[in-house]
Amino acid sequence: MKVVLDTCVIYPTVMRQMLLGVAARGVYTPLWSGRIVGEWLRAAEKLGIHGAAQARAEAAMLSAHWPEAEVSYPMSLEARLWLPDAADIHVLAAAVAGSADVIVTLNVKDFPRNVLADEGISRADPDSFLHGIWQAQPDLVQAVADEVLAEANRLSGRTWEMRALLKKARLPRLAKAVAAG
């Protein structure tokens, strides 16, 4: 399964780590465009020089780990597509060009299911997407969550509870499932 990750699910660190941790275990193939990564880097600039530098380093690691993930396409593809917010058409264009099955996004209203279906693509929010994977492969998702929790504890210098960390990352269903499991 090929999955385009929208900027809004790449930018939050814990959400990105959960999504890419699952991808790294072969559950799906992540895709993005240079423009999606560029939006992430511009958003990270708001965190200051250190946040921007960290995002650039993480983007470079993603590129090294998944060299085939970055999708390019001709501008004529964007010209033939429509979404309620024209600023999101590039995400749909990346999905079409990459033969993606799903776009994972928090931006539900700007990716209507009927419009995506015309292109053979579905939409999922990250919580539902990861929860569905947890239902099929709970041990795999638990292992990823444990790694993400350990890294959050290391980086923050505090002790996070799994459920609180995942809820803060806007993954409430997954948080409940993983914490109970």
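For the structure given in this document, a descriptive report is provided here.

Reading guide: rules and limits
One numbering rule holds for all chains: residues counted from 1, following each sequence as written. With the structure being a predicted model, the display of local features is reserved for residues of pLDDT at least 70 and the display and counting of side-chain atom pairs for 80 or more, all residues being used for whole-chain, interface and lining totals. In computing side-chain properties, one takes all heavy atoms of the structure into account and sets aside hydrogens as well as water. With a 1.4 Å probe rolled over the protein chains alone, any residue whose accessible area is under 20% of its type maximum counts as buried; one over 50% counts as exposed, and the rest are partly exposed. The secondary structure listing takes helices from DSSP runs of H or I that are at least 4 residues long and strands from runs of E that are at least 2 residues long, numbered from the N terminus. Between any two strands, pairing holds if DSSP finds at least two bridges. Aromatic rings from Phe, Tyr and Trp, with only the six-membered ring used for Trp, were paired whenever their centres fell within 6.5 Å, and each pair was classed as stacked if the ring planes differed by under 30 degrees, edge-to-face if by over 60, and tilted otherwise. Ring-over charges, as used throughout, are those where CZ of Arg or NZ of Lys falls within 6 Å of the ring centre and within 35 degrees of the ring normal. When checking whether two residues touch, look at their non-hydrogen atoms; a contact exists if any pair is within 4.5 Å. Axes here refer to lines fitted to C-alpha atoms; in helices the fit is confined to the stretch in contact. Angles between the N-to-C directions go from 0 to 180 degrees.

### Side note on the pairing of strand S2 (residues 29-33)
Part 1: Summarising burial for S2: four of the five residues are buried, a large majority.
Part 2: Of the pairings in the sheet, the one linking strand S1 (residues 2-5) to S2 comprises three bridges and is parallel in character. Each bridged residue has a counterpart across the sheet, and for Val4 the counterpart in S2 is Leu31.
Part 3: Pairing geometry for S2 and strand S3 (residues 70-71), over two bridges, is parallel. When the sheet's bridge partners are listed, Trp32 is paired in S3 with Glu70.

### Observations concerning the packing of aromatic side chains
Part 1: Tallied over the entire structure, the rule returns two aromatic pairs.
Part 2: Ring centres of Tyr28 and Phe129 lie 5.2 Å apart, and the angle between their planes is 80°; this geometry places the pair in the edge-to-face category. You can see Tyr28 sitting in the loop between helix H2 (13-24) and S2 and its partner Phe129 sitting in helix H8 (residues 126-136), a full 101 residues away along the chain.
Part 3: Judged by its relative accessible area of 9%, Phe129 falls in the buried class.
Part 4: Here the guanidinium or amino end of Arg158 rests over the ring plane of Trp160, the centre of that ring lying 3.9 Å away.

### Topic: the sheet that holds S2
Part 1: Here we have five strands laid out as an open sheet, ordered S3-S2-S1-S4-S5, and parallel in their pairing. Only two strands of the sheet have a single neighbouring strand rather than two, namely S3 and strand S5 (122-124).
Part 2: With three bridges connecting them, strand S4 (residues 102-104) and S5 associate as parallel partners. Counted as the bridge partner of Ile103 is Arg123 from S5.
Part 3: On the sheet, helix H3 (residues 34-44) packs against S1, S2 and S3 and is oriented at approximately 75° with respect to S2.

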